[in-house]
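# Notes for the structure review
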2 protein chains.
Amino acid sequence: MSPTIYDRDLDRNRANHQPLTPLTLLERAAAVFPDRLAIVHGPLRRTYAEFYARSRKLASALARRGVGHGDTVAVIAANTPAMLECHYGVPMCGAVLNTLNTRLDPPALAFMLQHGEAKVLIVDREFSGLMAQVLHAMPTRPYVIDYDDPEYAGPGERIGQAEYEDFIAGGDAAYQRAAPRDEWDAIALNYTSGTTGDPKGVVYHHRGANLLAVGNVVTADMGRHPVYLWTLPMFHCNGWCFPWSISVKAGVHVCLRQVRASTMYDLIAEQGVTHLCGAPIVMQILLNATEAERRPLPHLVRFFTAAAPPPAAVLAAMREAGFEVTHLYGLTETYGPAVVNDWQEEWNALPGDEQAALKSRQGVRYHALEGLDVMDPDTMHPVPADGETMGEVMFRGNVVMKGYLKNPTSTAAAFAGGWFHSGDLGVKHPDGYVQLRDRSKDIIISGGENISSIEVEDALFQHPAVALAAVVARPDEKWGETPCAFVELRPGASATAEELIAWCQGRLARYKCPRTVVFAEIPKTSTGKVQKYALRERAKGL
Amino acid sequence: MSPTIYDRDLDRNRANHQPLTPLTLLERAAAVFPDRLAIVHGPLRRTYAEFYARSRKLASALARRGVGHGDTVAVIAANTPAMLECHYGVPMCGAVLNTLNTRLDPPALAFMLQHGEAKVLIVDREFSGLMAQVLHAMPTRPYVIDYDDPEYAGPGERIGQAEYEDFIAGGDAAYQRAAPRDEWDAIALNYTSGTTGDPKGVVYHHRGANLLAVGNVVTADMGRHPVYLWTLPMFHCNGWCFPWSISVKAGVHVCLRQVRASTMYDLIAEQGVTHLCGAPIVMQILLNATEAERRPLPHLVRFFTAAAPPPAAVLAAMREAGFEVTHLYGLTETYGPAVVNDWQEEWNALPGDEQAALKSRQGVRYHALEGLDVMDPDTMHPVPADGETMGEVMFRGNVVMKGYLKNPTSTAAAFAGGWFHSGDLGVKHPDGYVQLRDRSKDIIISGGENISSIEVEDALFQHPAVALAAVVARPDEKWGETPCAFVELRPGASATAEELIAWCQGRLARYKCPRTVVFAEIPKTSTGKVQKYALRERAKGL
């Protein structure tokens, strides 16, 4: 096409085009609300001016050590002020933040440090024993900085060449950030806990981090000065970008080293917490709190959950306890949540179980995600919106990763056909809401019929005695596979295998019902996900 | 610098990079909330599905007429459903929306249509008489579509080749949008009422429109499903981008052809309006309403005002009446408001006049604006934040225009030194809040409309009896400001105030004409420049 009048003399320049980045969000909060409370951690209180100054000192100190554009800075830490400072200070000097999952084993951590080529590693003293093992086995080691959080009183020696407070003391609080040079520049590296093979390094860019950070504010209806409780680990997809979101509205970060019921209730009451996020296990801990641990909530508290659909009983109990639960969905590759179970007002009139069924659906795209669909991955045609036809959940948009670090093959496969292939299988309901049915490997094929393990688990979850259920395929001579359920019962509750199978038969097609029920503790990953792989192995051996 | 590991094999592709555009916002609202109310206009009710379908039909019908990338579609209309549809339908086909100020005179409108090369013109029947005059004088005319709003019962003939409803009836409700190809593509053209010479055509891009639309949602604390009353003309900077903002939270557009007290109170009460915007004149109209016209507000209503600082008495009365007033600031070149008087909670404890003084300051940048400062335009150094030193207010960021259409000289001047020069003079207070002190170009803002004092002076100068004329703003309770002319007559010549006002009325739009004429010697500097500052003081005292 020939250029039009709008294609002439109207180019980008510094005045009208700046790289999108979450770094401007803290700059603004510190400029407009310098004296407002930004961080609470035990008795510690930091204002936005202090938070920003310390982040700049960190950036400056890193830059003085030669850390800059495209260098990796790894950190293993609890949800602490230092972790928040890393989310700003590391990218300010052009480096890429690689937060490490504290629950991983040494070989996995060693792989990540080596693959990510970490130049600096910041270690919370709680994890110094673990990291000493990791570093011991490494041929070349990063520069190690110990972070000795006063709120941590447990064991652990310093293992680094510098101490965090000393390190940033050498930095300049007036440091002018050197990044990003382009909004496509990397800001963070997050390794997926791969079920097979090596972890993959998911790379985020400044543009996406800004857009998802603001997307969270809009999705979570964050008004002025929200108070955010850090129940979600910041090492999970950069805390779903909330370290950046909270700056948008100059809110308060309430840090938390450990998810414990009494501490959570105390902080919610004392700090006036308005929002928190977490896997279903966090809801379980809140709900299983004793009377002595509980405190009245100061107001309606919004809870954002992901990773697994919240069961009806949990939703009802959370509502009773004063929490409004929103179901989110996303992957490491989508900066955390990019899909929300956006609630329709008329659903409030429905019975509780119908509301729970609706809330268990993953939902619709964030406004910051341009495309979400369920497709046949071979033809790339969307499945019909019939709530039945399975396909692969696909994402497209500005809150999808740059790709996998040093892994062009996996990157190309993930982006085949111009969509990000999530690996999650699901359906699209007539109203357009997406619901996960299973990961492809979690589908049970029995007598030629596909069975969604999630659907069977949902039926089991409705049984009052069931605390946790995981269903996998068990090899079967006749049927190929049959559903095998692993079940944890609630404390004090009892149920037999026969009872649970009969329960399912009242709710599911017969072929979908478990043939086997095993009562046992269910193995979970470091991120709290059920290790279906291990269960499949067990089911094979039965 | 040499490429790092993050610079390899991590490129943009369709899966992870999509052009930012506000068009996705309506698509999402229509997909997620198809049956929710989107538009109220008199007895008319339209859902999001209908709003989206009609916008697509408009886009499709335009495309079928050959309208596409970089073509201009002009519209002159009141705040109606068609105007909202234009904000989506026109850019969907790649065209650029040029909304025309209904209060302009024929020569200005003719200039805009010709300079913008409008290919299509949509005319609300209320303005068909005006536009018939405009078109009569044009050598080449756009394709004209009449919009006959059932809510308009006044005079006016159809003047076009097609009627709006017939036109879109020929479009396809399943039309797939053809734009933007790039987020830098133009989305809108807004002419400023230039102070000297011809109006300048400010060009917006899709990226900025998306970012400011979301920025409004965050700044205005829009929760789920806001109800927005259209008291602000959509022809002003595309209604400050609110036609796009409301889609983010699937809110309701309450249309309004005329700003009248009883209608506003009725709609606020009946529709549960949560947000509205407008110049100070709109507040005046609300406050001057009779008891019979008033209705109790359904809840706290948020009012966003710009153009002139709200006076203390008005603020107090608005609070009394149940409105929370937020002061915004921006220019046509910044998509409307990009600066907000972000309120500090501790200010609530101050006396009313101190609060008013604080609220009269223009404030701080939106989170969506990357830079705001007050600078010496020669050195480009920021002025000290002392509340005293004057400088020019400068903007930098993604919500700054692409530039002026077909005007590289003005564009280059506006962007000199990598900042957008607003032409507004102001100071920076110690807390960083910006406050305008004066306008370098002597703009008078009357009823929310910019009036160039120079333009009025030019008209006066044409009168044979006038030797010298200087026009300044005179504070006015109803209009905010009105033009006040100081005139020196030629020796031996005579003229009355009435004569000179009538003279101007023959040459200028009515709202631009002086309301007051003072015959007096005009104070000048030693170099002969008119001391407008002194005249402004005199006008205040009249």
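Every value quoted in this text rests on a predicted model; they were computed, and no experiment measured them. (Residues numbered from 1 in each chain as written. Chains lettered and ligands numbered in written order. Predicted model: local features only at pLDDT ≥ 70, side-chain atom pairs only at ≥ 80, totals over all residues.)

Here the focus is the overall build of chain A. A tally of helices and strands in chain A yields 17 helices and 26 strands. The C-alpha atoms of chain A give a radius of gyration of 24 Å, which matches the 24 Å a tight globule of 542 residues would have. Structurally, chain A occupies a C-alpha span of about 70 × 70 × 55 Å along its principal axes. When the 542 residues of chain A are sorted by exposure, 54% land in the buried category. Nonlocal contacts in chain A, meaning residues at least 24 apart in sequence, comprise 69% of its contacts between residues at least 6 apart. (Helix = DSSP H or I, 4+ residues; strand = E, 2+ residues; numbered from the N terminus. Rg over C-alpha atoms; globule rule 2.2 N^0.38 Å. Buried ≥ 20, exposed ≤ 12 C-beta atoms within 10 Å, placed from the backbone. Contact = placed C-beta atoms within 7 Å.)

All names here are of chain A. Sheet architecture is open: eight strands sit in the order 7-6-5-3-4-8-9-19, paired in mixed fashion. The open sheet has two free edges, formed respectively by strand 7 (162–163) and strand 19 (403–404), since each of these has just one partner strand. In this sheet, strand 6 (residues 143–147) lies alongside strand 5 (residues 118–124) in parallel orientation, the contact comprising five bridges. Within the sheet, the bridge partner assigned to Val123 lies in strand 6 and is Asp146. (Pairing = 2+ DSSP bridges.)

This part is about the nonpolar core. The nonpolar side chains of a soluble globular protein tend to be buried with one another. Among the nonpolar cores identified, the biggest contains 327 residues, and A:Leu62, A:Val73, A:Ile122, A:Val254, B:Leu62, B:Ile122 and B:Val254 are the most heavily contacted of them. Contacts of A:Leu62, omitting those with residues within four sequence positions, involve A:Val67, A:Val73, A:Gly89, A:Val90, A:Cys93, A:Ala95 and A:Val120. (Core = buried A, V, L, I, M, F, W, Y, C linked by C-beta atoms within 7 Å.)

Turning our attention to the interface of chain B and chain A. Think of interface size as the accessible area that goes away when the parts come together; that is how it is often given. Every contact between the two is made by 55 residues of chain B and, on the other side, 55 residues of chain A. Counting only elements with at least two residues in the side of chain B that touches chain A, the list comes to helix 1 (23–32), helix 7 (206–219), strand 16 (364–365) and helix 14 (408–414) of chain B. No other element matches the five residues that helix 1 of chain B contributes to the side of chain B that touches chain A. Along the lines of polarity and charge, the residues of the side of chain B that touches chain A split into 25 nonpolar, 16 polar and 14 charged. (Nonpolar A, V, L, I, M, F, W, Y, C, P; charged D, E, K, R; others polar.)

A word on helix 10 (residues 261–271) of chain B. Residues and elements named next belong to chain B. All buried positions along helix 10 are accounted for by Met264, Tyr265, Leu267 and Ile268. Projection of helix 10 onto a plane perpendicular to its axis shows the buried side chains occupying an angular sector of 165°, all on one side. Looking at the packing, one finds that the buried side of helix 10 touches strand 10 (227–229), strand 11 (252–254), helix 11 (280–287) and strand 13 (301–305). (Arc of directions from axis to C-beta.)

Attention shifts here to the packing of helix 2 (residues 48–64) of chain B against helix 3 (residues 81–92) of chain B. All names here are of chain B. Helix 3 packs onto helix 2 with a crossing angle of 40° between their chain directions and a minimal axis gap of 7 Å. Taken together, the axes of helix 2 and helix 3 lie oblique to each other. The crossing of helix 2 and helix 3 is right-handed. Residues Arg54, Ser55, Arg56, Leu58, Ala59 and Leu62 of helix 2 lie in contact with helix 3, whose contacting residues are Glu85, Tyr88, Gly89, Val90 and Met92. Class assignment of the residues belonging to the contact of helix 2 with helix 3 gives a composition of six nonpolar, two polar and three charged. (Axes fitted to C-alpha atoms, helices over the stretch in contact; angles between N-to-C directions. Parallel < 35°, antiparallel > 145°, perpendicular 65-115°, else oblique. Left-handed = near helix turned anticlockwise from the far one by under 90°.)

On to the packing of helix 12 (residues 312–321) of chain B against helix 13 (residues 352–359) of chain B. All names here are of chain B. Closest axis-to-axis distance for the helix 12/helix 13 pair is 9 Å, and the angle between their directions is 105°. One finds that helix 12 runs roughly perpendicular with respect to helix 13. Between helix 12 and helix 13, the contacting residues are Ala312, Leu315 and Ala316 on the first element and Gly352, Asp353, Ala356 and Lys359 on the second. Of the residues contributing to the contact of helix 12 with helix 13, the split by class is four nonpolar, one polar and two charged.

On to the pairing of strand 8 (residues 186–192) of chain B, then. Residue and element names in this part refer to chain B. Of all the seven residues making up strand 8, six are buried; the element is thus mostly covered by neighbouring parts of the structure. Bridge count for strand 8 against strand 9 (residues 200–205) is six bridges, and the pairing is antiparallel. Residue Asn190 lies in a different strand from strand 9, and its bridge partner there is Val202.

Turning our attention to unusual backbone geometry. Glycine aside, residues mostly have negative phi, and peptide bonds are mostly found in the trans state. Between A:Ala179 and A:Pro180 the backbone carries a cis peptide bond, its omega angle lying at -10°. Relative to the helices and strands, A:Pro180 is located in the loop between helix 6 (164–169) and strand 8 (186–191). In this structure, B:Met380 is a non-glycine residue whose phi angle is positive, near 60°. Position of B:Met380 among the secondary structure elements: in the loop between strand 17 (371–375) and strand 18 (391–396).

For the rest of this paragraph, the subject is helix 2 of chain B. All names here are of chain B. With 17 residues, helix 2 should reach 24 Å at 1.5 Å per residue; the first-to-last C-alpha distance of 24 Å fits that figure. Within helix 2, 14 of the 17 residues are buried, leaving the element largely enclosed by the surrounding structure. Immediately downstream of helix 2, the backbone of Gly66 shows phi near 90°, a positive value. (Expected span 1.5 Å × (residues − 1).)

Moving on: the environment of B:Gly387. All names here are of chain B. Looking at where Gly387 falls in the secondary structure, it is placed in the loop between strand 17 and strand 18. Judged by local crowding, Gly387 falls into the partly exposed class, with 14 C-beta atoms found within 10 Å. Remark: the alpha-carbon pair of Gly387 and Tyr433, spanning 46 residues in sequence, is separated by 8.9 Å. Beyond its immediate chain neighbours, meaning those up to four positions away, Gly387 contacts Val427, His429 and Pro430.

Residues of chain A with pLDDT of at least 70 account for 97%, and the chain-wide mean is 93. Taken together, the chains of this predicted complex give a pTM of 0.88 and an interface ipTM of 0.88. (pLDDT = per-residue confidence, 0-100.)

Okay, the sheet that holds strand 13 of chain B next. Residues and elements named next belong to chain B. Sheet architecture is open: nine strands sit in the order 2-1-11-10-12-13-14-15-16, paired in mixed fashion. Of all the strands in the sheet, just strand 2 (44–47) and strand 16 have a single pairing partner and so form its edges. Where strand 12 (residues 275–278) meets strand 13, four bridges bridge the pair, whose relative direction is parallel. The residue bridging His275 from the neighbouring strand is Arg302, located in strand 13. Here helix 2 sits on the sheet in contact with strand 1 (37–41) and strand 2, set at roughly 85° to strand 2. On the sheet, helix 3 packs against strand 1, strand 2 and strand 11 and is oriented at approximately 140° with respect to strand 1.

This brings us to the environment of A:Glu457. Summarising the element assignment, A:Glu457 is placed in helix 15 (residues 453–461). A sequence separation of 293 residues divides A:Glu457 from A:Tyr164, and the C-alpha atoms of the two residues are 46 Å apart.

In this section: the pairing of strand 2 (residues 44–47) of chain A. Residues and elements named next belong to chain A. Two strands pair when backbone bridges link them, and strand 1 (residues 37–41) and strand 2 are joined in this way by four bridges, in the antiparallel orientation. By the bridge assignment for strand 2, Val40 is matched with Arg45. Linkage of strand 1 to strand 2, two consecutive antiparallel strands, is achieved through a turn of two residues, within which Gly42 is found at a positive phi near 55°.

Here we take up the environment of B:Gly363. All names here are of chain B. Within the secondary structure layout, Gly363 lies in the loop between helix 13 and strand 16. Gly363 sits in the buried class, given 24 other C-beta atoms within 10 Å. Residues Gly363 and Leu113, 250 residues apart in the sequence, show an inter-C-alpha distance of 35 Å. Leave out the neighbours within four places in its chain, and Gly363 touches His327, Tyr329, Val339, Val340, Asn341, Asp342, Tyr433 and Val434.

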